[in-house]
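# Coordinate inspection notes
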Amino acid sequence: MPELLEISQLSAGYGPLRVLHEIDLIIGEGERIGLVGLNGHGKTTLIRALTHMAGWQQGSIKLDGAEIGGTRSQGAGRRTPGLVKRGIGVAPQGDAIFPGLSVRRHLECGAHTKAAWRERRQRIDRIFDIFPPLRPLEHALVGKLSGGERRMVSIGRMLMAEARLYLIDEPSLGLAPKISHRVMEALWDLPVTGAMIIAEQNVTLLTGRADRMIGMHAGRLRGDVGHVDLA
Amino acid sequence: MDLGLIVYALNLASIYALMAIGISILWSSVGVINMAHGATFAVSGYAAWLVTGALKPVIAASLGKTALASAAMAGALVGSALITGALCGVVIYLLAFLPIHDKPNYPVRALIITLGLNIAAVQGLLWTFGPRSQGLPKIFGFGRWEVWGTKIRYDQAGTIIGAILIMTLTLGWLRYSRRGLEVRAMMQNAEGAAYSGISRQATALPVLMLTGALAGMAAALLSQTIFVSPTAGVIPLIKGLTIALLGGLGSVPGALIGAVLVGFLEAGVGAVPFLGQRYVQFATFLFIITVLIIRPRGIGGLLDDTRE
């Protein structure tokens, strides 16, 4: 299996706080990784560090063999748009929505590549097929939607352009169990060309579906197991 | 309240709105309280004065005293003010945004740098042109219309129409163009914008040029009523900033409504016999402070029924 993402000796944190401690991880083409761990153990920081959104970071990150990591003490977010354009799609924790834009305009924002912008209508239609509740809300302001609908919009924005690596942070956070199941089902049904990392606290949502489960504890990776079925 | 007073209020409101919208958009998309907005205003006014002064003989020689000549003069005045405003935006981008935008405490650093730019530009204008005010050619001509028994001066009507025109263009660009969509996304959630591949560096330049051009337009329009002087930008800057605050920094409709409210308040207070012009500033700031005490998010907070 070719290596899509190769992380070595990655540390990251915020100000004086070090959250990640020299993480090594290799992810292959087509893999869906479930990243599990308790609150505050570094799942989100790992995802943020992959897009240079953490406060500071050091260590190597290679996407398709190209180095995108490096040492950085400030300037969080400066490289993020460039990395997104290079093929990292992110559905962040808390959704990071644009409250004053309609669902359609919101999804158009995600179409940042030339090809995606040209065929944005078809793509928005495809997102509505994946998340049918969004179709009647096409012209509603995202700031007036419910938590579940916002999560769908946020994931939909990520799916508007092709990516090599999809990073999805806590897709079930704050959602009713029924809705979080629906969101997760939609995620698993996606045709993944690159790889996908889903950070999740609720292990039962991942079991049986993720190709690999990786545990995080106190900023280090603990336990790396293949296909598991806890049920 | 008679019609003349309403026209005067709208005249004030259009200048204020041009300044306040620029400051508001800049704050929410670039993260700068642009203290150099007043300098942009004054520099644009002087540029328009220089350009129209240089072109006056040329236009008079080639076109004579025809309607085409005054149209060319108006185009030269407004065009030079707009272009100079946009160029000031580029200067601010190069000096107060690009070198420092990813450093800690960027908003405070940018505030200090733009304040420095403002002082330097005003002193530079004083140094070069002296403290005397300069009159610009009246592009709307002298005269007045009679509407329902009240007289409306051409320059007032022209200012209101010109301001509405350019604000419609700006808001339409923000609403319908792709770049405008990116700017709005950046205004509403910088992190979400970054995850959509929209970079602050790429949106900051057009936004700074646009808001600079708005300040230039304000200068061109105000030059039809009063003279241009090196310190001409101070009052529009202060008014623009406080109205942007009143509107809830970052809210374009809030800034618009705020400008109209303050325009009417100033015209109204000035017309009350026992108050008069000397209480205008007092009443304005009292009003803004009261609103901000009751509604800290300003008018934009009242309009906004979405949640983060």
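The coordinates are above.
Quick look at the structure, then.

Turning to the overall build of chain B, a few remarks are in order. Of regular secondary structure, chain B possesses twelve helices and two strands. Going from N to C terminus, chain B has its helices and strands arranged as α-α-α-α-β-β-α-α-α-α-α-α-α-α. Here the C-alpha atoms of chain B give a radius of gyration of 20 Å, agreeing with the 19 Å that 2.2 N^0.38 yields for 308 residues. Seen through its principal axes, chain B has C-alpha atoms that stretch 55 × 45 × 40 Å. Residues counted as buried form 49% of the 308 residues belonging to chain B. Partitioning the contacts of chain B with sequence separation of at least 6, the portion at a separation of at least 24 is 78%.

Residue and element names in this part refer to chain A. Within the open sheet, the four strands sit side by side as β2-β1-β4-β5. Their pairing is antiparallel. Strand pairing shows two members of the sheet lacking a second neighbour, β2 (17–28) and β5 (66–67), which therefore form its edges. Bridge analysis of strand β1 (residues 3–14) against β2 gives eight bridges, and the strand direction is antiparallel. Of the residues in β2, the one forming a bridge with Gly13 is Arg18. Against the sheet, helix α1 (residues 43–50) touches β1, β2 and β4 (56–63), its axis set at about 70° to β2.

A word on the interface of chain A and chain B. Facing 26 residues of chain A, the contacting portion of chain B comprises 19 residues. Looking at the side of chain A that touches chain B, the elements that each hand over two or more residues are α2 (80–85) and α3 (103–110) of chain A. Sorting elements by how many residues they give to the side of chain A that touches chain B places α2 of chain A first, with five residues. Looking at the side of chain A that touches chain B residue by residue, the classes come out as eleven nonpolar, nine polar and six charged.

It is worth spelling out the packing of helix α10 (residues 252–271) of chain B against helix α11 (residues 280–294) of chain B at this point. All names here are of chain B. Between α10 and α11, the least distance of the axes is 9 Å, while the angle of their chain directions is 140°. The angle between α10 and α11 places the two elements in the oblique class. As α10 runs across α11, the sense of the crossing is right-handed. Listed contacts from α11 to Val262, Leu265, Glu266, Val269 and Gly270 of α10 are Val280, Ala283, Thr284 and Phe287. Looking at the contact of α10 with α11, its residues break down into six nonpolar, two polar and one charged.

Here the phi dihedral of Gln9 of chain A falls at roughly 55°; this positive angle occurs in a residue that is not glycine. By secondary structure assignment, the location of Gln9 of chain A is in strand β1.

Conventions and cut-offs
- Residues numbered from 1 in each chain as written.
- Chains lettered and ligands numbered in written order.
- Predicted model: local features only at pLDDT ≥ 70, side-chain atom pairs only at ≥ 80, totals over all residues.
- Helix = DSSP H or I, 4+ residues; strand = E, 2+ residues; numbered from the N terminus.
- Rg over C-alpha atoms; globule rule 2.2 N^0.38 Å.
- Buried ≥ 20, exposed ≤ 12 C-beta atoms within 10 Å, placed from the backbone.
- Contact = placed C-beta atoms within 7 Å.
- Pairing = 2+ DSSP bridges.
- Axes fitted to C-alpha atoms, helices over the stretch in contact; angles between N-to-C directions.
- Nonpolar A, V, L, I, M, F, W, Y, C, P; charged D, E, K, R; others polar.
- Parallel < 35°, antiparallel > 145°, perpendicular 65-115°, else oblique.
- Left-handed = near helix turned anticlockwise from the far one by under 90°.

Everything listed here is a matter of geometry and, on its own, says nothing about what the molecule does.
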